[in-house]
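Secondary and tertiary structure notes
For reference, the chains in residue letters:
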Amino acid sequence: MTARTSPSSTEQQETPHRSGFACFVGRPNAGKSTLTNALVGTKVAITSNRPQTTRHTVRGIVHRPDAQLVLVDTPGLHKPRTLLGERLNDVVRTTWAEVDVIGFCLPADQKLGPGDRYIATELAGIKKTPKVAIVTKTDLVESEQLAQQLIAIDRLGKELGIEWAEIVPVSAVGDQQVGLLADLLVPLLPEGPTLYAEGDLTDEPEQVMVAELIREAALEGVRDELPHSIAVVVEEMLPREGRPADRPLLDVHANLYIERPSQKGIIIGPKGRRLKEVGTKSRKHIEALLGTPVFLDLHVKVAKDWQRDPKQLRRLGF
């Protein structure tokens, strides 16, 4: 990426300010959340090497002198096997209909598969919204493999009648071409004023973000079948009474819900060690997010087959 000189004040006056929404779509685990965090410059979306970890559309806000880019992170579109899966897919399609530009994330280290084709076919039906193909995880491949992936994506677009506005290789982990991607997305936004105050990084409610940070910590190192079964609800967040002003403490009470009693032992671990680790890890992230010391109280509860039960899905925020 070539170095850019800062524009003169007359150039700045001539350049119209742009603002709008972009969403990243792709198969589960295509690097959408990591890319959102890299563009915003801080952690606003839960990331995990387990597929299908994002359940809420997280808006990350990128502030620039010439533009405000609001990133909508969606769950990975996939063939649903549960009611939760169907609801997540509905969220994705609703989001596509409302954004100004769509970024289709395709990992550089995996050949295009049926999942990618399924999403591309759906994208082909959205005619007016510009689409950018983003080749993620370029740090994992050699240049020859990357070139083959770029050709395959170009070919897929031609085959389905999608005209890519851009095809951009990036590495969010290696911070390669992330700035360039923002430069290419901005001109595709409509002209308009800022939508959020300077310094705002997301419009997610704090309790939702805290719940996501706890769930992210709970996902680390558990068996493959468990990620889909974990839901976290923050019951309350209250400042501890009677603390001196210079030593505040926030009490956070949260429940981790799983689907079967047999999963309880996996989350809690021998002598409660695993749950303690989850608490320690997530507390650090919560304190960094909220800028205050936190006392975190975690409990594990069973909500039988919640992914298939409409009443329980509603109660758990889906």
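Look a little higher up for the structure.
Residues numbered from 1 in each chain as written. Predicted model: local features only at pLDDT ≥ 70, side-chain atom pairs only at ≥ 80, totals over all residues. Heavy atoms only, no water.

1. A word on the overall build of the protein chain
Broken down by element type, the protein chain carries ten helices and nine strands. Long-range contacts, defined as pairs at least 24 residues apart, comprise 71% of the intrachain contacts of the protein chain with a sequence gap of at least 6. Total accessible area computed for the protein chain in this model is approximately 16100 Å², and 51% of it derives from carbon and sulfur atoms. (Helix = DSSP H or I, 4+ residues; strand = E, 2+ residues; numbered from the N terminus. Contact = heavy atoms within 4.5 Å. Areas by Shrake-Rupley, 256 points an atom, 1.4 Å probe, with all protein chains shown as cover.)

2. What about the nonpolar core?
What tends to happen in soluble globular proteins is that the nonpolar side chains get buried as a cluster. In this structure, I214, I230, V252, L256 and L298 are the most contacted members of the largest nonpolar core, which totals 24 residues. Mapped by element, the contributors of at least two residues to this core are α7 (206-219), β7 (231-239), β8 (250-258), α9 (273-290) and β9 (294-302). The element contributing the most residues to this core is α7, with seven residues. The residues touching L256, leaving out its near neighbours within four places in the chain, are I214, A218, I230, A231, V232, I267, L275, L298, H299, V300 and K301. With 23 residues, the next largest nonpolar core counts C23, V72, A108 and I162 among its residues. (Core = buried A, V, L, I, M, F, W, Y, C linked by side-chain atoms within 4.5 Å. Buried < 20%, exposed > 50% of the residue type's maximum accessible area, 1.4 Å probe, protein only.)

3. So, the packing of helix α2 (residues 32-40) against helix α6 (residues 178-185)
Taken N-terminus to C-terminus, the directions of α2 and α6 make an angle of 85 degrees; their axes are 10 Å apart at the nearest point. By the angle between their directions, the pair α2 and α6 is classed as roughly perpendicular. Here L35, A38 and L39 of α2 lie close against α6, whose contacting residues are V178, L181 and A182. (Axes fitted to C-alpha atoms, helices over the stretch in contact; angles between N-to-C directions. Parallel < 35°, antiparallel > 145°, perpendicular 65-115°, else oblique.)

Honestly, that's just the spatial picture; any functional story needs more than this.
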